[in-house]
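What follows is the residue order along each chain.
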Amino acid sequence: MSETSSTNSAAEEQGWATARTLAEALPFIQQYDRETVVIKYGGHAMGQEETARLFAADAVLLKLLGLHPVVVHGGGPQISRMLDKAGVKSTFVDGLRVTDQATMEVAEMVLSGAINKEIANWITLAGAEADVRGVGLSGKDARLITVEKATRTRKDPDSQIEQVVDLGFVGEPTRIDPQLIQGLISAEHDYIPVIAPIGVAEDGQTYNINADTVAGALAGALKAKRMLLLTDVAGVLGADGELIRQMSVDEAQAAIASGVASGGMIPKLETAIAAVEAGVEAVVILDGRRAHAMLVELFTEHGSGTLITR
């Protein structure tokens, strides 16, 4: 067989393999048809242009396959870099950035400005042929996210007395008004909402919010079929270091209580538990650095990451 014939044969086989993959995905595509999927996009994947482009293309593909993706993004590393440039020092309590007025102004500029519009633009560029458009929003738009000041306590190391820690302008969602998002989802045109984790209190004060918390609250309000927490790890690891493929809410709570889940995984599991209890069918914690992780999770029988359900 000539080299040209061999090349053609290999290309043809690749074509058949792609066709088989599409055919095998049909049951899953039907399962998610016209269902809402909230995606928390953050971590190191956001800082890499090629990974961001792939994420945007996958989000467009979800929309064209009949799903309604809603993206909530973080931006902690980008905020830290901007604060460093401005000479503002950051401190953290339980993973939450203590946010004074100067820090709040930088956080809003970075989250609602640079990052939010960049992700929306990547989506619009990726969906140009089919005219799928990203729409950048924050929780301040149309009273989307109303918050109250977050409170935290910690024990004094000497007296062991619980003391209230002032986190500054860090908020917790108290009310989600999903009308604007529902309008974009049901619009005749194909829009993908992209939401920055900024909210506003009843008195009009702006607050920074943990992006995982925003994604969970929004997924609950939208009664999403899935929430995908894209992070920097494969998922929840067991005591043996192996990936746990599926957990119930009770098992997730036990993992936190026993210390199997630690560090940054604890707030992610807490967000997942709250979202499931609010009506989300299931939450998946998965590695957003891997190309097409969302597609593997949603459209194959193998899945990707750890699925938390009731």
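Please refer to the structure higher up on the page.
### Considering the overall build of the protein chain
Counting secondary structure elements, the protein chain contains nine helices and 16 strands. The globule rule puts the C-alpha radius of gyration for 310 residues at 19 Å, and the 21 Å found for the protein chain is close to it. In terms of its C-alpha atoms, the protein chain occupies a principal-axis envelope of roughly 80 × 45 × 40 Å. Across the 310 residues that make up the protein chain, the buried fraction comes to 46%. Sequence separation of at least 24 residues holds for 74% of the intrachain contacts in the protein chain that already meet a minimum separation of 6.

### Some remarks on the packing of helix 6 (residues 211–221) against helix 8 (residues 265–277)
The interhelical angle for the contact between helix 6 and helix 8, taken along N-to-C directions, is 10 degrees, at an axis separation of 8 Å. Put simply, helix 6 runs roughly parallel to helix 8. Residue-level contacts link Asp212, Thr213 and Gly216 of helix 6 to Lys268, Thr271 and Ala275 of helix 8. Residue classes in the contact of helix 6 with helix 8 are distributed as one nonpolar, three polar and two charged.

### Let's talk about the sheet that holds strand 1 (residues 36–41)
On the basis of which strands lie adjacent, the open sheet formed by eight strands has the order 5-10-2-1-13-15-16-14 and mixed pairing. Edge strands, defined here as strands with exactly one partner in the open sheet, are strand 5 (133–138) and strand 14 (246–248). Taking each pair of neighbouring strands and ignoring which way they run, the sheet shows an average axis angle of 20 degrees. Sheet topology places strand 14 next to strand 16 (residues 306–309); three bridges connect them, and they run parallel. Following the sheet pairing, Met247 is matched in strand 16 by Ile308.

### Quick word on the side chain of Asp58
Along the chain, the position of Asp58 falls in helix 2 (residues 49–64). Summary of buried charges: Asp58 has no salt-bridge partner, and the nearest side chain of opposite charge, Arg290, is 11 Å away. Only 3.1 Å separates the side chain of Asp58 from the side chain of His292, close enough to count as a polar contact. When near neighbours in sequence (up to four residues on either side) are disregarded, Asp58 contacts His292, Met294 and Leu295.

### A look at the pattern of salt bridges
Within the structure shown, the criterion is met by 12 salt bridges. Arg34 is the partner of Asp33 in a salt bridge, and the nearest nitrogen-oxygen pair spans 3.0 Å. The partner of Glu108 in a salt bridge is Lys140, and the shortest N-O contact between them spans 3.0 Å. Of the two residues, Glu108 sits in helix 4 (residues 101–126) while Lys140 sits in the loop between strand 5 and strand 6 (145–149), which places them 32 residues apart along the sequence. Judged by its relative accessible area of 24%, Glu108 is partly exposed. Salt bridges sharing partners connect three or more residues here, namely Lys40, Asp212 and Lys268.

### A few points about helix 7 (residues 249–258)
Buried residues of helix 7: Val249, Ala252 and Ala255, and no others. The arc enclosing the buried residues of helix 7, seen along the axis, measures out at 120 degrees, which places them on a common side. Among the exposed residues of helix 7, those oriented more than 90 degrees off its buried face are Asp250, Ala257 and Ser258. Tucked into the core, helix 7 has its buried residues touching strand 14, helix 8 and strand 16. At the C-terminal side of helix 7, Gly259 shows a positive phi close to 90 degrees.

### A look at the nonpolar core
Counting residues in hydrophobic clusters, the biggest one holds 43 residues, and the most contacted among them are Ile39, Tyr41, Leu62, Leu228, Leu230 and Phe299. Here this core gets 10 residues from one element, more than from any other, and that element is helix 4. With residues near it in sequence (within four places) discarded, Leu228 still touches Val37, Val38, Ile39, Lys40, Val284, Leu286, Met294, Glu297 and Leu298. Counting residues in each nonpolar core, the second largest holds 40 residues, with Ile195, Leu269, Ile273 and Ile308 among its members.

### Examining helix 6
Along helix 6, eight of the 11 residues are buried, which leaves the element largely enclosed by surrounding structure. Looking only at helix 6, the buried set comprises Ala211, Asp212, Val214, Ala215, Gly216, Leu218, Ala219 and Gly220. Near the N-terminus of helix 6, the side chain that reaches the backbone nitrogen of Asp212, with its oxygen 3.0 Å away, is that of Asn210. The positive-phi residue at the C-terminal boundary of helix 6 is Lys223, with phi of around 50 degrees.

### A word on the sheet that holds strand 11 (residues 198–201)
In sheet architecture, strand pairing relies on hydrogen bonds along the backbone and comes in two forms, parallel and antiparallel. Pairing is mixed across the open sheet formed by four strands, whose spatial order is 9-6-11-12. Both edges of this open sheet fall to strand 9 (171–176) and strand 12 (206–208), since each of them pairs with a single strand only. Across the sheet, the mean angle from the axis of one strand to that of its neighbour is 50 degrees, orientation sign disregarded. Here strand 6 pairs with strand 11 via two bridges, running parallel. Among the inter-strand pairings, Val147 is bridged to a residue of strand 11, identified as Ala201. Helix-sheet contacts for helix 6 involve strand 6 and strand 9, and the interaxial angle to strand 9 is about 10 degrees.

The rules behind the values
- Residues numbered from 1 in each chain as written.
- Predicted model: local features only at pLDDT ≥ 70, side-chain atom pairs only at ≥ 80, totals over all residues.
- Heavy atoms only, no water.
- Helix = DSSP H or I, 4+ residues; strand = E, 2+ residues; numbered from the N terminus.
- Rg over C-alpha atoms; globule rule 2.2 N^0.38 Å.
- Buried < 20%, exposed > 50% of the residue type's maximum accessible area, 1.4 Å probe, protein only.
- Contact = heavy atoms within 4.5 Å.
- Axes fitted to C-alpha atoms, helices over the stretch in contact; angles between N-to-C directions.
- Parallel < 35°, antiparallel > 145°, perpendicular 65-115°, else oblique.
- Nonpolar A, V, L, I, M, F, W, Y, C, P; charged D, E, K, R; others polar.
- Pairing = 2+ DSSP bridges.
- Lys, Arg positive; Asp, Glu negative; His and termini not counted.
- Salt bridge = Lys/Arg side-chain N within 4 Å of Asp/Glu carboxyl O.
- Polar contact = N/O pair within 3.5 Å; in protein donor to acceptor, adjacent residues only side chain to side chain.
- Arc of directions from axis to C-beta.
- Core = buried A, V, L, I, M, F, W, Y, C linked by side-chain atoms within 4.5 Å.

Everything listed is a geometric property; what it means functionally is a separate question.
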